[in-house]
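Examining the three-dimensional arrangement
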Amino acid sequence: MLPNGTEATIYASPLKYYRIILDPYQNAIFREVVDSWIEYFSNATDKDVIKVALFLSLWIVNKDNPREYYRLIPERTILYNPFEILKTRKIWRIKLGEKDFRMYQTNTSLSDLKSFKGSSGAITPAPRISYRWFLKIRWPSEKIYTEIPVIIFNNIDNVSGSIFGVFYFCPGIYGLSFSTTFAYGLRIYDLAKNKEYDKINLDVRIGGYCISRDLCLMEHISYLSGNRQEYIYIIGSPIYYLYEEYLIAYDSHGNVIYKEPTGNEMIKTYICDIKYPSPTSVGKEDGLPNLMNILFMGTTIEPLFLDAGSLADGDLEPGEEEALSFIKWHFDLYDYHLSMAIPIGALIASILPRQMSFLSPVLAGLGVFMDYEDGIIKNEGKVNAESYNVTEDVYITISRYTYETSLGPLDIPLGVYFLFDTEEVQPHDHYLNLYVFTKNGWVNKTSLNMSSIKNQDITLDLKLSHIPTTLNGKFLFRLAGQALTLSYIDHVQLLAVLKNNSIVALPLVSAIHNAYGDVLPWLINSDDLRIPCVGSLHTPSGNHEIFLEFDSLDLLSEITSLIFQIEGHSVF
């Protein structure tokens, strides 16, 4: 990793004795990397604690069958101090466990990778077979500094109690550190470009730390009355890389004589730098960050029930409080010392150029971890004319990806978006509205109650009282959120009952979301690939709407009734 956010390959060769020797006096490329960081940090006051990362990718190849190999999961990071490395020759030993490796098999077109025919027709020996990652996409192309939300608070009701939140940033022994997240999959890019999102299976892994700085202790306090939102942020440089894995064969002189993609790809996300030193490195703003639409695409909202304490019942009574550390412990099942994740993937997805926006749904659920000290959230009840003594239900965003670790799977709070809701609000305020297009325009508003226990999907069948007008042979519907709505839609259908009593499913041919654009791949199948439809209190872009078109199949004269079917769930 270089100060400008790019990466340079320092070492690509067979590894001996399971160790890496970091010696800038023996490796010219490494020396250039070290010198670039030393120049970058020349005026820093925390030179003694600064650490930056080297990324290590490791493969073990079956010498008898090069198509079979193991890859280290996840990639390793090696933290080093660029000033200290000039004084010492560091030897880094690789510790490997059985769960650190995953078996792969490539589908190569050659019957034998041990020898090749050269241009003269003579057989050329291939003494070495290896694998490497090659960069396909990097975004942003240049390092940029931007607001990175760390915690987001939303107190959504007029009758809410006043919420008090305090959040502490405090460096540990090695400073304030940021992790790296790796996500592995097969043909991620091509499947996303074809919008075949249901075929993308990501193995998401928590990597090591990538940068550490000695930030001063900072404290941020918030009081939120009803209908108030606020978020705390850091200023940093997020980055995302997409790599393709290649099988490579070398001749006896080290020249590449064969190179073929295996189909495996890797996404790497991290923060390559933070703004330092500056009193504006950490701050807070009213409202919701612009990334909220993408955040909902990558997460689901769930009630926060802890194993014990004030949130064991999922709510805070007036005067009750809960520590962020207790919330972290609840999700950190294997004592990885995780904080709650920063939504780097959603942030990057929200600023991708239009020609790359097809990657947004893939990135949206990815986050990285930042070490921070602690904090509390508390229901203060009625402290002014705008607040009340009411119970506050607490919700939190959970990444739609399950993060795999060497000890087991983890569900990761991402955002972190804390939603506070009261028992005083009527359930129908969270419903989803359905409109039908007729000769008189959009009419027949129907409220859809999709709430369910534990946020499990349900299916609703709504029989229309009249056959609506078709436009260019299509039946048109519109789904719209109310201000408080939090809905996740998996599948929609329009069923036509014919005169002979048979039922025909009319094809869904178009689904346009006012925030996400074409969402047909999400809604055409019942596959747990859900699209959010949320209200204006959860996103700065206003109520979500989805415009649907179903082909009538020229059956209008045969249809006696229509049934609108929707599968998904709403949260309240």
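Thresholds applied
- Residues numbered from 1 in each chain as written.
- Predicted model: local features only at pLDDT ≥ 70, side-chain atom pairs only at ≥ 80, totals over all residues.
- Heavy atoms only, no water.
- Pairing = 2+ DSSP bridges.
- Helix = DSSP H or I, 4+ residues; strand = E, 2+ residues; numbered from the N terminus.
- Axes fitted to C-alpha atoms, helices over the stretch in contact; angles between N-to-C directions.
- Core = buried A, V, L, I, M, F, W, Y, C linked by side-chain atoms within 4.5 Å.
- Buried < 20%, exposed > 50% of the residue type's maximum accessible area, 1.4 Å probe, protein only.
- Contact = heavy atoms within 4.5 Å.
- Phe/Tyr/Trp six-rings, centres within 6.5 Å; stacked < 30°, edge-to-face > 60°.
- Salt bridge = Lys/Arg side-chain N within 4 Å of Asp/Glu carboxyl O.

Quick notes on the sheet that holds strand E3 (residues 59–61)
- Spatially, the three strands line up as an open sheet ordered E3-E4-E7, and their pairing is antiparallel. Each of the sheet's edge strands pairs with one partner strand only, and the pair in question is E3 and strand E7 (101–105). In this sheet, adjacent strand axes meet at a mean angle of 25° when their direction is disregarded.
- Here E3 runs beside strand E4 (residues 68–72); their pairing, made up of three bridges, is antiparallel.

Concerning the sheet that holds strand E32 (residues 517–518)
- Read from one edge of the open sheet, six strands run E26-E25-E28-E34-E31-E32, paired in antiparallel fashion. The open sheet has two edge strands with one neighbour each: strand E26 (441–448) and E32.
- Strand direction decides the pairing type here: strand E25 (residues 432–438) and E26, joined by six bridges, are antiparallel. In the strand pairing of E26, Phe437 is matched with Trp442.

Some remarks on the nonpolar core
- Grouped together as the largest cluster of nonpolar side chains are 166 residues, with contacts concentrated most on Ile327, Phe418, Leu523 and Leu548.
- A total of twelve residues in this core trace back to one element, the largest contributor, which is strand E16 (residues 228–250).
- Residues in contact with Leu523, not counting those within four places in the same chain, are Ile489, Asp490, His491, Val492, Leu508, Ala511, Ile531, Ile546 and Leu548.

Some thoughts on the packing of aromatic side chains
- Tallied over the full model, the rule gives 28 aromatic pairs.
- Here Trp59 and Trp133 contribute two aromatic rings whose centre-to-centre distance is 6.0 Å and whose plane-to-plane angle is 50°, an arrangement assigned as tilted. With Trp59 in strand E3 and Trp133 in strand E10 (residues 128–139), this residue pair connects regions lying 74 residues apart in the sequence.
- A relative accessible area of 9% places Trp133 in the buried class.
- Residues Phe296 and Tyr417 carry aromatic rings whose centres are separated by 5.8 Å and whose planes lie at 90° to one another, so their mutual orientation is edge-to-face.

Topic: the pattern of salt bridges
- Going through the model one piece at a time under the given rule, you end up with 16 salt bridges.
- With a shortest N-O distance of 3.5 Å, Lys195 and Asp518 are connected by a salt bridge. Highlighted residues: Lys195 in the loop between helix H2 (188–193) and strand E14 (203–213) and Asp518 in strand E32, separated in sequence by 323 residues.
- With a relative accessible area of 29%, Lys195 lands in the partly exposed category.
- The partly exposed category is assigned to Asp518, whose relative accessible area is 32%.
- In the salt-bridge network here, residues are joined through shared partners; they are Arg102, Asp203 and Arg205.

These figures capture arrangement, not role.
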